[in-house]
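Chains, contacts and geometry: an overview
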Amino acid sequence: MTTAETASLTIEAVDFAVGLTYDAIPEDALKIARRCVLDGIAVMVGGSEQPALEVMARYIDRVGGNPDARLLGNANKKVPAHLAALWYGLAGHAMDWDDTQLSEGSGRMYGLLTHPTVPPLSACLAIGEMLGGVDGKTFLTAFNAGFEVECKIAEAINPDHYARGFHTSGTIGTFGSAVAAAKMLNFDHSQMAQTIGIAASLAAGIRANFGTMTKPLHVGRSSENGVTAALLVREGFTSNTEALDGKWGYLTIAGPGGDPDLVLGRYGNPLTITAPGVSIKPYPCGVLTHPSMDALKFLMRDENVKPDDIEKIKLYAAQNILGPIRYDFATTELEGKFCMHFLLAAIAIAGKAGKREFTDEFVSRADVGDMQRRVETIDDKEIEAMGYNRIRSRVEVITKDGRTLELWAYENYRGSPHNPLTDDEVEGKLRDCAEGLLDEPAIKSVINR
């Protein structure tokens with residue numbers, strides 16, 4: 001157990017995860033966790049029909065193996081647990097519609113630490129199936145354990161980890177999946193530490209692959225690798241039991257470094273899922289883009305602006321938004337998720353951006369391309385000087401009849417803990433994701449569960 005002399009991120013993570021019980025999880029955290037699970041299932045259902053899943057299905061067929069767990073979208077097919085987790089994770093991030101963790105520490109990009117739900121949820125689904133089913137309390141306890149450890153590690157690591165090009169949902173997400181899987185398997189302290197140690201050597205993902213199928217593969221692999229780590233430990237595999245810490249630990253190597261004091265003594269105190277919280281996304285793209293998209297949506301609504309009225313759209317923002325959103329013109333829906341020109345064009349033309357808009361067919365439409373060319377992004381140093389503790393931007397619309405209309409994006413953006421989606425909106429997101437895949441009785445069954 002942890003003492004003042006032996007305190008480390010790994011030891012404290014192990015103590016927290018092994019000791020966590022359902023009764024110790026506050027009711028507000030359980031409520032949010034249920035919303036996150038529902039949202040995670042929704043984006044997995046929607047993501048299951050993305051092209052990347054067709055490729056993955058062929059790969060899994062070739063690999064084969066023990067029939068441990070079903071694949072989402074094919075209840076008659078069972079595959080090894082680690083491949084099921086890979087499938088769930090890939091589907092859950094395929095549309096980039098899964099939730100995001102908010103940051104606390106100075107210098108960290110607000111809302112840009114990790115996508116916390118899908119890796120531990122994937123592990124719980126895969127291991128739960130492998131075990132022949134578990135009760136809801138066991139499932140939610142394991143999910144919360146993985147979620148919390150993932151978020152605290154993401155908070156502790158140097159923000160250069162992401163800025164230099166690592167994709168945190170692929171790297172740090174591995175620890176969320178690993179801890180959730182180990183908790184589902186009821187591991188003791190030594191086994192939990194060994195699982196985290198193996199996970200530290202498997203964690204990977206680089207931002208060079210944003211805009212391709214490999215971006216969601218990062219979350220698929222983080223889900224798979226965590227399950228693999230736990231199953232290896234179950235068979236007796238060993239690792240360093242303090243792999244997050246020290247000269248050769250994960251924070252030092254992949255950070256480089258970090259600020260453990262932000263986290264030490266704070267696993268579960270409070271749970272990150274409640275403070276600073278988690279954002280459930282209204283749009284299937286990077287959370288940093290959402291306030292700007294909403295600003296254009298509300299500006300056009302309030303000023304009764306139609307697509308044909310628009311001469312130009314200008315977005316004023318800082319590098320915390322413009323840096324990660326890398327494409328100037330989208331030619332595919334995967335590029336569109338990281339292209340402010342497309343995202344604003346979709347809002348301008350369709351008034352929304354959901355599953356139907358994030359298709360290659362919609363992106364390639366002539367009117368969408370024309371609207372993309374009307375969008376300009378401006379690196380605004382005044383907004384930059386305000387800091388990254390909120391997602392700030394300003395949208396300006398110049399109309400063909402000579403008007404200039406502007407609106408600041410809400411700092412407390414829709415979906416954030418400060419302005420959360422309603423339960424009806426979360427359920428509506430499931431309906432959007434499940435369109436053409438699940439009928440209404442099936443959707444209601446998922447919601448009720």
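Below: a short report on this structure. (Residues numbered from 1 in each chain as written. Predicted model: local features only at pLDDT ≥ 70, side-chain atom pairs only at ≥ 80, totals over all residues. Heavy atoms only, no water.)

**Digging into empty space enclosed by the protein**
Under the definition given, this model contains three cavities of 30 Å³ or more. Of the residues in the lining of the second largest cavity, the class split is four nonpolar, three polar and three charged. (1 Å grid on protein atoms, 1.4 Å probe; cavity = no way out; pocket = protein on both sides within 12 Å on 5 of 7 lines; lining within 4 Å. Points joined across faces, edges and corners; volume = space filled by probe spheres on them. Nonpolar A, V, L, I, M, F, W, Y, C, P; charged D, E, K, R; others polar.)

**Considering the environment of Lys 355**
Locating Lys 355 in the fold gives a position in the loop between helix H16 (340–350) and helix H17 (360–363). In this structure Lys 355 comes out as buried when scored by relative accessible area, which is 11%. It is 9.7 Å that separates the C-alpha atoms of Lys 355 and Trp 97, two residues lying 258 residues apart in sequence. Leaving out residues up to four positions away in the same chain, Lys 355 has contacts with Glu 49, Met 95, Trp 97, Asp 432, Cys 433, Ala 434, Glu 435 and Leu 437. A polar contact of 2.9 Å, which involves the side chain of Lys 355, links it to the backbone oxygen of Glu 435. (Helix = DSSP H or I, 4+ residues; strand = E, 2+ residues; numbered from the N terminus. Buried < 20%, exposed > 50% of the residue type's maximum accessible area, 1.4 Å probe, protein only. Contact = heavy atoms within 4.5 Å. Polar contact = N/O pair within 3.5 Å; in protein donor to acceptor, adjacent residues only side chain to side chain.)

**Quick notes on the layout of surface pockets**
One number sums up the size of the largest pocket: a volume of about 1,300 Å³. The set of elements that each furnish at least two residues to the lining of the largest pocket consists of helix H2 (27–47), strand E1 (69–71), strand E2 (74–79), helix H5 (118–130), helix H6 (136–156), helix H20 (423–434) and helix H21 (440–448). For the lining of the largest pocket, the leading source of residues is H2, giving eight residues. The residue makeup of the lining of the largest pocket, split by class, is 21 nonpolar, eight polar and nine charged.

**Focus: the sheet that holds strand E5 (residues 310–317)**
A sheet is described by the order of its strands in space; here four strands give the open sequence E6-E5-E7-E8, paired in mixed fashion. Unpaired on one side and paired on the other, strand E6 (375–379) and strand E8 (404–408) mark the two borders of the sheet. For this sheet, the mean inter-axis angle between neighbouring strands, taken without regard to orientation, is 20 degrees. With seven bridges joining them, E5 and strand E7 (residues 393–399) adopt antiparallel strand pairing. Across the sheet, the residue bridging to Ala 317 is Ser 393, located in E7. Relative to the sheet, H16 contacts E5 and E6, its axis offset from that of E6 by approximately 130 degrees. (Pairing = 2+ DSSP bridges. Axes fitted to C-alpha atoms, helices over the stretch in contact; angles between N-to-C directions.)

**Concerning the side chain of Gln 101**
Looking at where Gln 101 falls in the secondary structure, it is placed in strand E3 (residues 100–101). Within the structure, the side chain of Gln 101 is placed 3.0 Å from the backbone oxygen of Cys 151, a separation counted as a polar contact.

**Some details on helix H18 (residues 366–373)**
Three or four residues apart is the spacing at which side chains of an α-helix point the same way, because the helix has 3.6 residues per turn. For H18, every residue scored as buried is listed here: Val 368, Gly 369, Met 371 and Gln 372. The buried residues of H18 occupy one face: seen down the axis, they fall within an arc of 165 degrees. Away from its buried face, by an angle of more than 90 degrees, H18 presents the exposed residues Ala 366 and Arg 373. (Arc of directions from axis to C-beta.)

**Let's talk about the pattern of salt bridges**
Across all of its chains, the model carries 26 salt bridges by this definition. Residue Lys 355 is joined to Glu 49 by a salt bridge in which the shortest nitrogen-to-oxygen separation is 2.9 Å. Placement of Lys 355 in the loop between H16 and H17 and of Glu 49 in the loop between H2 and helix H3 (51–63) is noted, with a sequence separation of 306 residues between them. On the basis of relative accessibility, which here comes to 38%, the residue Glu 49 falls in the partly exposed class. Note that Glu 129 and Arg 70 form a salt bridge whose closest N and O atoms lie 2.6 Å from each other. Here Arg 70 lies in strand E1 and Glu 129 lies in helix H5, a separation of 59 residues in the sequence. What emerges from the salt-bridge pattern is a single network uniting Asp 380, Arg 394, Glu 396 and Glu 406. (Salt bridge = Lys/Arg side-chain N within 4 Å of Asp/Glu carboxyl O.)

**Focus: the packing of H5 against helix H11 (residues 214–234)**
Axis separation between H5 and H11 bottoms out at 9 Å; the angle between their running directions is 45 degrees. If you check the angle between H5 and H11, you find them oblique. Helix-helix and strand crossings are classified by hand; for H5 and H11 the assignment is right-handed. Residue-level inspection shows Val 118, Pro 119, Ser 122, Ala 123, Ile 127 and Met 130 of H5 in contact with H11, the latter providing Val 219, Ser 222, Ser 223, Val 227, Leu 231 and Arg 234. Classifying every residue of the contact of H5 with H11 gives eight nonpolar, three polar and one charged. (Parallel < 35°, antiparallel > 145°, perpendicular 65-115°, else oblique. Left-handed = near helix turned anticlockwise from the far one by under 90°.)

**Let's talk about the packing of H2 against H20**
Between two packed helices, the angle of one axis relative to the other and the distance separating the axes together describe the packing. For the pair H2 and H20, the least separation of the axes is 7 Å and the interaxial angle reads 20 degrees. Judged by the angle between their axes, H2 and H20 are roughly parallel. Classified by chirality, the crossing of H20 by H2 is left-handed. Between H2 and H20, the contacting residues are Arg 35, Leu 38, Asp 39, Ala 42, Val 43, Val 45 and Gly 46 on the first element and Asp 423, Val 426, Glu 427, Lys 429, Leu 430, Cys 433 and Ala 434 on the second. Split by residue class, the contact of H2 with H20 holds eight nonpolar, one polar and five charged.

**Remarks on the packing of aromatic side chains**
For the structure shown, the criterion picks out six aromatic pairs. Judged by centre distance (6.3 Å) and plane angle (20 degrees), the ring pair of Phe 16 and Tyr 267 falls under stacked. Of the two residues, Phe 16 sits in helix H1 (residues 9–19) while Tyr 267 sits in the loop between helix H12 (250–254) and strand E4 (278–279), which places them 251 residues apart along the sequence. By relative accessible area, which is 12% here, Phe 16 ends up buried. Given a relative accessible area of 9%, Tyr 267 falls into the buried group. (Phe/Tyr/Trp six-rings, centres within 6.5 Å; stacked < 30°, edge-to-face > 60°.)

**Comments concerning the pairing of E2**
Sheet analysis places E1 next to E2, joined by three bridges and oriented antiparallel. In the sheet register, Arg 70 faces E2, and the bridge partner there is Lys 78. Where E1 folds back on E2, the antiparallel hairpin that results is connected by two residues, among which Gly 73 adopts a positive phi of roughly 95 degrees.

**Overview of the pairing of E7**
Burial of E7 is extensive: six of the seven residues sit out of reach of the surface. Here E7 hands over to E8 after four residues, with Gly 402 in that stretch at a positive phi of 95 degrees.

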